[in-house]
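# Commentary on secondary and tertiary structure
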Amino acid sequence: MIEMEDVYKKYPNGVVAANGIDVRIKQGEFVYVVGPSGAGKSTFIKMMYREEKPTRGTIMINGVNLAKLKENKVPHLRRNLGVVFQDFKLLPTLTVYENVAFALEVIEEQPKQIKKRVMETLDLVNLKHKVRMLPSELSGGEQQRVSIARSIVNSPKVMIADEPTGNLDPETSWEIMKIFEEINTRGTTIVMATHNKEIVNTIRHRVIAIENGQIIRDEQRGDYGYES
Ligand code: ADP
Ligand code: ADP
């Protein structure tokens with residue numbers, strides 16, 4: 001369902017961040033993307049939600065070739081993909097509720113439906129009691145839970161996460177992983193770039209290691225494989 005074929009990415013400054021990537025990720029898989037800084041993990045992830053376009057190659061997600069996708073079709077793609085970032089990227093002037101509802105309002109769901117879906121999703125991330133708060137009034141872990149709720153409120157088939165625990169303490173990181181596990185158990189594919197060795201070595205899933213823009217290792221239930 002996610003398929004990259006001979007993907008090559010050269011940035012305008014000449015840096016080659018993907019150099020012949022071939023990969024297939026099936027519906028429902030949980031995949032960690034690991035590797036040293038500068039290896040090309042973010043680029044790999046960004047190409048999956050069309051934040052970056054490959055210079056050549058094909059990237060198919062649910063039958064759509066992202067490399068050829070017209071600009072005006074990108075919002076539609078994003079609706080079927082949840083994206084979670086290290087720095088949360090919440091809208092600072094909107095409440096928790098509004099941040100999560102936003103994604104449904106743009107697709108013009110009925111208000112009653114929106115409320116039901118937003119509250120169910122906030123319940124899943126354990127934040128129902130904070131609906132009226134602003135992001136600045138929340139801890140980092142809570143902000144990340146809001147951003148997870150926002151990313152899954154549309155029930156996407158795929159969730160992409162770039163270092164989602166990068167700004168969180170270890171205990172909060174485990175809480176976030178518990179939510180990811182729950183989302184994955186419900187059938188959502190998760191692709192997560194991470195430097196968190198403890199998590200990768202404890203909650204075992206497929207591990208794809210990238211170095212110099214190439215996949216150098218791809219193992220089911222693999223380990224992190226680096227010192228830190
Ligand atoms: P990682 O996520 O593994 O740290 P990145 O995908 O961010 O790796 O970066 C891979 C390489 O591409 C690095 O050399 C980085 O400096 C370069 N790079 C990333 N983004 C850009 C950009 N927008 N323009 C130019 N070079 C970039
Ligand atoms: P619970 O609340 O059900 O006890 P936790 O939130 O403690 O679950 O942990 C969720 C998962 O992460 C469990 O599988 C647990 O074993 C694992 N885990 C939690 N904290 C750590 C840790 N510090 N080191 C290793 N594994 C941990």
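Summarised in this report is the structure supplied together with it. (Residues numbered from 1 in each chain as written. Chains lettered and ligands numbered in written order. Predicted model: local features only at pLDDT ≥ 70, side-chain atom pairs only at ≥ 80, totals over all residues. Heavy atoms only, no water.)

Our focus in this paragraph is the packing of aromatic side chains. Scanning all chains against the criterion turns up 3 aromatic pairs. Seen in terms of ring centroids, Phe 30 and Tyr 32 are 5.3 Å apart; in terms of plane orientation they differ by 55°. Their pairing is tilted. A relative accessible area of 4% places Phe 30 in the buried class. On the basis of relative accessibility, which here comes to 0%, the residue Tyr 32 falls in the buried class. Each ring, one from Tyr 224 and one from Tyr 226, has its centre 5.8 Å from the other, and the planes form 75°; the classification is edge-to-face. Summarising the burial analysis for this pair, Tyr 224 and Tyr 226 share the class buried. One residue, Arg 56, lies across the ring of Tyr 8, its end atom 4.2 Å from the ring centre. (Phe/Tyr/Trp six-rings, centres within 6.5 Å; stacked < 30°, edge-to-face > 60°. Buried < 20%, exposed > 50% of the residue type's maximum accessible area, 1.4 Å probe, protein only. Lys NZ or Arg CZ within 6 Å of the ring centre and 35° of its normal.)

Burial runs high along helix 1 (residues 41-48): 6 of the 8 residues are buried. Buried within helix 1 are the following residues: Lys 41, Thr 43, Phe 44, Ile 45, Met 47 and Met 48. Count one or two residues on from helix 1 and you reach Arg 50, which has phi positive near 60°. (Helix = DSSP H or I, 4+ residues; strand = E, 2+ residues; numbered from the N terminus.)

Our focus in this paragraph is the site of ligand 2. Around ligand 2, a shell composed of Trp 174, Lys 178 and Thr 202 is seen. In this structure, an oxygen atom belonging to ligand 2 sits 2.8 Å away from a side-chain N or O atom of Lys 178. When ligand 2 sits alone it has 550 Å² of accessible area, and the protein chains cover 34% of it. (Near = heavy atom within 4 Å. Polar contact = N/O pair within 3.5 Å; in protein donor to acceptor, adjacent residues only side chain to side chain. Areas by Shrake-Rupley, 256 points an atom, 1.4 Å probe, with all protein chains shown as cover.)

Inspection of the region around ligand 1 gives Tyr 11, Asn 13, Val 15, Ala 17, Pro 36, Ser 37, Gly 38, Ala 39, Gly 40, Lys 41, Ser 42 and Thr 43 as its neighbouring residues. A distance of 2.7 Å separates an oxygen atom of ligand 1 from a polar backbone atom of Gly 38. Within the contact set of ligand 1, an oxygen atom lies 2.8 Å away from a side-chain nitrogen or oxygen of Lys 41. Top contributing element to the shell around ligand 1 by residue count: helix 1, with 3 residues.

Before going further, it helps to examine the pattern of salt bridges. Tallying each qualifying case throughout the model produces 14 salt bridges. Here Glu 182 and Arg 186 are joined by a salt bridge, their closest N and O atoms 2.7 Å apart. Since its relative accessible area comes to 31%, Glu 182 is described here as partly exposed. Its salt-bridge partner being Asp 223, residue Arg 217 comes within 3.7 Å of it at the nearest N-O pair. Shared partners join several salt bridges into a network, and the residues in it are Glu 29, Arg 206 and Asp 218. (Salt bridge = Lys/Arg side-chain N within 4 Å of Asp/Glu carboxyl O.)

Looking now at the environment of Ala 149. Mapped onto the elements, Ala 149 comes out in helix 5 (residues 140-152). When neighbours within four sequence positions are excluded, Ala 149 is seen to be in contact with Val 100, Thr 121, Leu 122 and Val 125. (Contact = heavy atoms within 4.5 Å.)

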